[in-house]
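This is what each chain is made of:
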Amino acid sequence: INLIKDGALVGKGLVGDFITYGFTVKNTGNTTLKNVYIIDSLISSNPIGVSPDSLVPGQTGFAVAQYFLTANDVMNGKVMNSATVYGTDPLDSVVTDISDNVNPFQTGPSDSTEVNLPKVDVSLRVNATGLCSAEINDIITYQVIVGRNDTLNVTDIISVKDSLGVHLQFVSANATSGTYNPS
């Protein structure tokens, strides 16, 4: 028995988006396998059904499952794991295989499937300007510059919050691209 697992990101790679995994199972032996199923602990502790669940020699079965991204996945920038297929031969012996991926540059028999996620690259810079001689009523102007350098077309992903003290006053804000929402 042989299991190939591939994955495709659906969405922009943010928390709540998901990866659709495709599983291809082939009976590489010379006897019929029955009760064929997959365990992928990343997706679920429950078995993932293969269709058809009985495979004659040389026959291929398929399964599809989804995995929803977590904050840890996004921070890691990738999701990587393997699955295991199980089947029962006519003598009631269980045969298994650990999944391989579809990457031709990884030639091992059981390579983990890796789905890379786009990275959000945010930078923050603060400049303080003004003629300050450390006297009461001096005016200091702070300029907060937030930038993004990534390929994601995502809006409303950056939030800058600051609590102004009693003696501080908000002057203005602008956005050179995207939108500015003062709320």
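Description of the structure in this document.

Analysis parameters
Residues numbered from 1 in each chain as written. Predicted model: local features only at pLDDT ≥ 70, side-chain atom pairs only at ≥ 80, totals over all residues. Heavy atoms only, no water. Helix = DSSP H or I, 4+ residues; strand = E, 2+ residues; numbered from the N terminus. Contact = heavy atoms within 4.5 Å. Pairing = 2+ DSSP bridges. Axes fitted to C-alpha atoms, helices over the stretch in contact; angles between N-to-C directions. Buried < 20%, exposed > 50% of the residue type's maximum accessible area, 1.4 Å probe, protein only. Polar contact = N/O pair within 3.5 Å; in protein donor to acceptor, adjacent residues only side chain to side chain.

## Quick look at the overall build of the chain
Logical step 1: Tallying secondary structure elements over the chain gives 1 helix and 11 strands in all.
Logical step 2: When the elements of the chain are put in sequence order from the N terminus, they spell out β-β-β-β-β-α-β-β-β-β-β-β.
Logical step 3: Contacts spanning at least 24 positions in sequence make up 57% of the contacts within the chain whose residues lie at least 6 apart.

## A short note on the sheet that holds strand β4 (residues 44-49)
Logical step 1: With antiparallel pairing, 4 strands are arranged side by side in an open sheet as β4-β3-β7-β8. Edge strands, defined here as strands with exactly one partner in the open sheet, are β4 and β8 (94-98). Mean inter-strand twist for the sheet, computed between neighbouring axes without regard to direction, equals 25°.
Logical step 2: Direction of pairing for strand β3 (residues 34-40) relative to strand β7 (residues 84-88): antiparallel, over a ladder of 4 bridges. The partner of Ile-39 across the bridge, within β7, is Thr-84.

## What to know about the side chain of Asn-81
Logical step 1: On the secondary structure map, Asn-81 appears in strand β6 (residues 78-81).
Logical step 2: Overall, Asn-81 belongs to the buried group, its relative accessible area being 11%.
Logical step 3: At 2.7 Å, the side chain of Asn-81 forms a polar contact with the side chain of Asp-40.
Logical step 4: Look past the residues within four positions of Asn-81 in its chain and what remains in contact with it is Lys-5, Tyr-21, Asp-40, Leu-42, Ser-112 and Thr-113.

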